[in-house]
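Here's the letter readout for the chains.
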Amino acid sequence: MKIVSTKDNLQVIHEDNHIIVINKRVGDIVQGDKTGDKPLSEIVKEYIKEKYNKPGEVFLGVVHRLDRPTTGIVVFARTSKALTRLNELFKNRETQKTYWAVVKNKPPKNEDKLVHFLKRNEKNNTSKAHLKEVPDSKVASLDYTIIKELNNYFALEINLHTGRHHQIRAQLSAIGSPIKGDLKYGFDRSNPDGGIHLHARKLTFIHPVSKEKLTLIASTPNETVWNAV
C-alpha cells in the first residue's frame with residue numbers, strides 16, 4: 001500500500017483522475033459540522049490543489065462517512081460523474097466493507113451473524129439495538145469472527161450487510177462486547193487519543209469509471225493494541 005504524506009499527514013491509499021481514497025485518522029471529521037473543525041474533505045481538497053497546482057475551486061464529493069472516533073477507509077469523488085456512480089454503488093450496497101474492532105469481553109461465539117433492530121436517538125446521537133422490531137427502528141445485520149486473542153482483548157473482523165447509524169458499535173454493545181474506548185456504548189474507559197478501536201479495514205467495489213474491481217486495505221493506527229493485532 002502506497003502512503004503519501006503531506007503537511008497534514010494525509011494517508012492516501014489510492015488516487016486517480018476520478019477518485020481519491022484516504023486512511024482516516026482518529027478525530028478527523030469527514031465533512032464539516034457544527035464544531036467548526038476543519039474536515040477531512042477540506043484537507044483533501046488542499047492536497048489536490050497543491051499537488052496538481054490547480055487554479056480555482058477543487059471539486060470533491062463526499063460519498064460516505066466514518067464516525068469521528070473511528071479510523072480507516074474513506075472514499076471521495078474527484079469528478080461529478082464518479083460521485084453520481086459512487087453514490088449509487090453505496091446506496092445499492094454494491095460494496096463489500098470489512099471492519100476490524102477490538103473488544104474486552106469475548107463475544108458469546110467465535111463467529112456469528114447478528115441481526116438487530118436499531119432505533120436512533122437524535123438527541124444524544126446514539127442508536128439502540130433491539131432484538132425485536134420497535135417503532136421507527138431499522139433492521140441491522142452483520143457477521144463477525146474473532147481473528148485474534150490478545151492479552152486482555154479480542155480482535156474481531158466484521159462484514160457489514162447494512163449500513164446503519166453506529167451499527168457496529170451498537171450491535172457489539174448489545175451482545176456485551178463494547179468496542180475498546182467507546183464510552184458511549186458501554187466501555188469502561190476512554191482511549192488516550194479520544195478514539196475507539198474500530199477501523200474500516202477493507203473496501204471492495206467497482207471503479208465508477210474504469211469499471212475495474214478495486215480492493216483497498218487501510219493499515220491500522222500505529223498504536224500498541226492495534227500493533228498486537
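Think of each chain on its own: its residues are numbered from 1, step by step along the sequence as written. pLDDT decides what is reported in this predicted model: residues at 70 or higher carry local features, side-chain atom pairs at 80 or more are listed and counted, and totals for whole chains, interfaces and linings draw on all residues regardless. In computing side-chain values, all of the structure's heavy atoms are included and hydrogens and water are not.

Peer 1: What should I look at first to understand the packing of aromatic side chains in this one?
Peer 2: The geometry of an aromatic ring pair is captured by the separation of the ring centres together with the interplanar angle, meaning the angle of the planes. What counts as a ring pair is set by centres within 6.5 Å for rings of Phe, Tyr and Trp (its six-membered ring), and what kind of pair is set by the plane angle: stacked under 30 degrees, edge-to-face over 60, tilted for all other angles. Across all of its chains, the model carries 0 aromatic pairs by this definition. The ring of Trp100 is capped by Arg201, whose NZ or CZ atom sits 4.2 Å from the centre of that ring. Each ring is checked for a lysine NZ or an arginine CZ that lies within 6 Å of its centre and within 35 degrees of its normal; such an atom marks a charge sitting over the ring.

Peer 1: Just to check I follow, could you spell out the side chain of Ser177 for this structure?
Peer 2: Structurally, the position occupied by Ser177 is in the loop between helix H3 (167-174) and strand E10 (198-206). Buried means the residue's accessible area, taken with a 1.4 Å probe over protein chains only, is under 20% of the maximum for its type, while exposed means over 50%, and partly exposed covers the values in between. Ser177 sits in the buried class, given a relative accessible area of 0%. A distance of 2.8 Å separates a polar side-chain atom of Ser177 from the backbone oxygen of Asn105. Other than its neighbours up to four places away in sequence, Ser177 contacts Val103, Asn105, Lys106, Pro107 and Leu172. Each helix is a run of H or I in the DSSP string that is no shorter than four residues. Each strand is a run of E no shorter than two, and both are numbered from the N terminus. Nitrogen and oxygen atoms within 3.5 Å of one another constitute a polar contact, given that in protein one can donate a hydrogen and the other can accept it, and given that sequence-neighbouring residues count only through two side-chain atoms. Contact between two residues is taken to exist if any of their heavy atoms lie within 4.5 Å; hydrogens are not considered.

Peer 1: Just to check I follow, could you spell out the confidence of the model for the protein for this structure?
Peer 2: Note: predicted coordinates in regions of low pLDDT should not be interpreted at a detailed level. Confidence per residue, as judged by the predictor, is encoded in pLDDT with a range of 0 to 100. Here the protein averages 93 in pLDDT, and 97% of its residues register 70 or above. Here residues 1-7 is modelled with pLDDT under 50, and outside its nearest four sequence neighbours on either side it reaches 16 contacts, counting other chains as well.

Peer 1: Sorry, what's going on with the pattern of salt bridges here?
Peer 2: For side chains bearing opposite charge, pairing can occur when the charged atoms are close. Salt bridge, as applied in this entry: a Lys or Arg side-chain nitrogen positioned within 4 Å of an Asp or Glu carboxyl oxygen. What the rule picks out here adds up to 13 salt bridges. In this structure, Arg25 engages Asp28 in a salt bridge whose closest nitrogen and oxygen atoms are separated by 3.0 Å. Across the pair Glu57 and Lys45 runs a salt bridge, and its minimum N-O distance is 3.4 Å. One end of the pair, Glu57, is in the loop between helix H1 (40-51) and strand E3 (61-62); the other, Lys45, is in helix H1, with 12 residues separating them in the sequence. According to the relative accessible area criterion, Glu57 is exposed, its value standing at 67%. Residue classification places Lys45 among the buried residues on the basis of a relative accessible area of 18%. Members of the salt-bridge network, linked through shared partners, are Glu42, Lys45 and Glu57.

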